[in-house]
Amino acid sequence: MSLAHLIPSLEPKLRSLYQAHHERAKRIDWAYSEYLPLDELKANPESIPQLSPVVYTAVETAMLTEVNLPWFTTHLYAAFRGALSVMIDFLHTWTSEEDQHALLLETYLLLGGNGDPKRRAAMRKSVIRQGWATNIDSHFGAIAYTAIQELATQTFYLRVADIAEAEDPRLARALRRLAKDETLHMAFYRDAVKYHLEVEPNYVYPLAEVIMKFEMPGSGMPNYQERAELLAAKANYGPAEYYTQVIDALWRYWGIDQLEPTLARAREAQLKLIKHHQKLARIAARIMERRKKRQEGAAD
Ligand SMILES: [Fe+2]
Ligand SMILES: [Fe+2]
């Protein structure tokens, strides 16, 4: 049994997911210029405030991830070669929607005079030149990876919007708008995975591999580790949120511990994945505990 390919009989269901995506996306269609205070800037060039280092780093990190879209499209296109045609159709729509993300973030930073645009341009170039070292190696692997990645990105935008609110509510609004796009993308891939698990629970085998090896697509950018640490400490987005809002949310949606795979290797993978899930839960609990103590300490 090939657990790499998508199940052909699911094509009509995937088509209707794609159709539903179109309808939802059309209802909230937007242009990046609507999220930039262009009129206000004409009257007052300083109407975009100077961002704090944390909010700046968060926006720059998001932009440097989104800017690598040419390679995400390239690799996903290659990954979906020979898959159901609906996947390529979705990929086209997805690319057209993602295209506005880096554009909005870069333009916001540029118009507000935040950061050094020359330095940023050099980093963008180096990110794109580097490409994307993905370990996606099958049609099913591609939908599973993308479901996790879209949900992680959505969660990240929402957390950053929370801390950006006090500095510039318009930035927070723009970030929440991006999060909405990511939510719709995530829903398509998440449900596509769910359908496969329902028809064939042995897909837990490739799914386990994707979850256990997951890395964000931006992990190759300059100073990624430092960025991740700063954002975990100051923007409430780190391993704790990755567990509670991404992995555990998908875990429950996909009902991973209730799956009943028939193949020995799939059962083994499920058990390994259950252990992995428990480990992430322990790490998240420790971080939350430390955070709570710090907050109580700060309140004294
Ligand atoms: Fe995006
Ligand atoms: Fe997305």
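First things first, this report covers the structure right here in the doc.

Cut-offs applied
- Residues numbered from 1 in each chain as written.
- Chains lettered and ligands numbered in written order.
- Predicted model: local features only at pLDDT ≥ 70, side-chain atom pairs only at ≥ 80, totals over all residues.
- Helix = DSSP H or I, 4+ residues; strand = E, 2+ residues; numbered from the N terminus.
- Rg over C-alpha atoms; globule rule 2.2 N^0.38 Å.
- Buried ≥ 20, exposed ≤ 12 C-beta atoms within 10 Å, placed from the backbone.
- Contact = placed C-beta atoms within 7 Å.
- Arc of directions from axis to C-beta.
- Core = buried A, V, L, I, M, F, W, Y, C linked by C-beta atoms within 7 Å.
- Axes fitted to C-alpha atoms, helices over the stretch in contact; angles between N-to-C directions.
- Parallel < 35°, antiparallel > 145°, perpendicular 65-115°, else oblique.
- Left-handed = near helix turned anticlockwise from the far one by under 90°.
- Nonpolar A, V, L, I, M, F, W, Y, C, P; charged D, E, K, R; others polar.

**Concerning the overall build of the protein chain**
Okay, so step 1: The helix and strand tally for the protein chain stands at 12 helices and 0 strands.
Okay, so step 2: Tracing the protein chain from N to C terminus, the helices and strands come up as α-α-α-α-α-α-α-α-α-α-α-α.
Okay, so step 3: Radius of gyration (C-alpha) of the protein chain: 20 Å, near the 19 Å computed for a compact globule of 300 residues.
Okay, so step 4: Each principal axis of the C-alpha distribution contributes one length, and for the protein chain these read about 65 × 50 × 35 Å.
Okay, so step 5: With 300 residues in all, the protein chain has 39% of them scored as buried.
Okay, so step 6: Pairs at least 24 residues apart make up 85% of the contacts formed inside the protein chain by residues separated by at least 6 positions.

**A few points about helix α4 (residues 69-79)**
Okay, so step 1: If you check which residues of α4 are buried, you get Phe-72, Leu-76 and Ala-79. Seen from one end, α4 has its buried residues packed into an arc of 55°, which puts them on one side.
Okay, so step 2: Where the residues of α4 are buried, they touch α5 (85-111) and α7 (139-164).

**What to know about the nonpolar core**
Okay, so step 1: Ranked by size, the top nonpolar core spans 80 residues in total, and within it Ala-144, Ala-147, Ile-148, Leu-175 and Val-204 carry the most contacts.
Okay, so step 2: For Leu-175, the residues in contact, after removing those within four places along its chain, are Tyr-157, Val-160, Ala-161 and Ala-164.

**Examining the packing of α5 against helix α8 (residues 169-199)**
Okay, so step 1: Packing of α5 against α8 leaves a shortest axis separation of 11 Å and a crossing angle of 165°. With respect to each other, α5 and α8 are oriented roughly antiparallel. Relative to α8, the crossing made by α5 is left-handed. Judged by residue contacts, Phe-90, Trp-94, Glu-97, His-101, Leu-104 and Tyr-108 of α5 engage Leu-171, Ala-174, Leu-178, Asp-181, His-185 and Phe-188 from α8.
Okay, so step 2: When its residues are assigned to classes, the contact of α5 with α8 shows 8 nonpolar, 2 polar and 2 charged.

**Points about the packing of α4 against α5**
Okay, so step 1: It is at 10 Å that the axes of α4 and α5 come closest, and there the two elements cross at 165°. Considering the angle they form, α4 stands roughly antiparallel to α5. α4 and α5 meet at a crossing whose hand is right-handed. Each of Leu-69, Thr-73, Leu-76 and Tyr-77 in α4 lies in contact with α5, whose residues at this interface are Leu-91, Thr-95, Glu-98, Asp-99 and Ala-102.
Okay, so step 2: Looking at side-chain class alone, the contact of α4 with α5 contains 5 nonpolar, 2 polar and 2 charged residues.

**Topic: unusual backbone geometry**
Okay, so step 1: Phi is positive for Asn-223, which is not a glycine, with a value near 55°.
Okay, so step 2: Relative to the helices and strands, Asn-223 resides in the loop between α9 (204-213) and α10 (224-234).
Okay, so step 3: Residue Asn-223 is classed as partly exposed on the basis of its 13 C-beta neighbours within 10 Å.
Okay, so step 4: Even without a glycine there, the phi angle at Asn-236 is positive, about 50°.
Okay, so step 5: The exposure class assigned to Asn-236 is partly exposed, which follows from the 16 C-beta atoms found within 10 Å.

**Let's talk about the environment of Lys-125**
Okay, so step 1: With respect to the secondary-structure elements, Lys-125 resides in helix α6 (residues 117-130).
Okay, so step 2: Exposure remark for Lys-125: the 11 C-beta atoms within 10 Å place this residue in the exposed category.

**Some remarks on the environment of Gln-100**
Okay, so step 1: Mapped onto the elements, Gln-100 comes out in helix α5.
Okay, so step 2: Distance in space between the C-alpha atoms of Gln-100 and Val-67 is 9.7 Å, their sequence separation being 33 residues.

**A few points about the environment of Pro-37**
Okay, so step 1: Secondary-structure assignment places Pro-37 in the loop between α1 (11-27) and α2 (38-43).
Okay, so step 2: Take Pro-37: there are 18 C-beta atoms within 10 Å of it, and that puts it in the partly exposed class.

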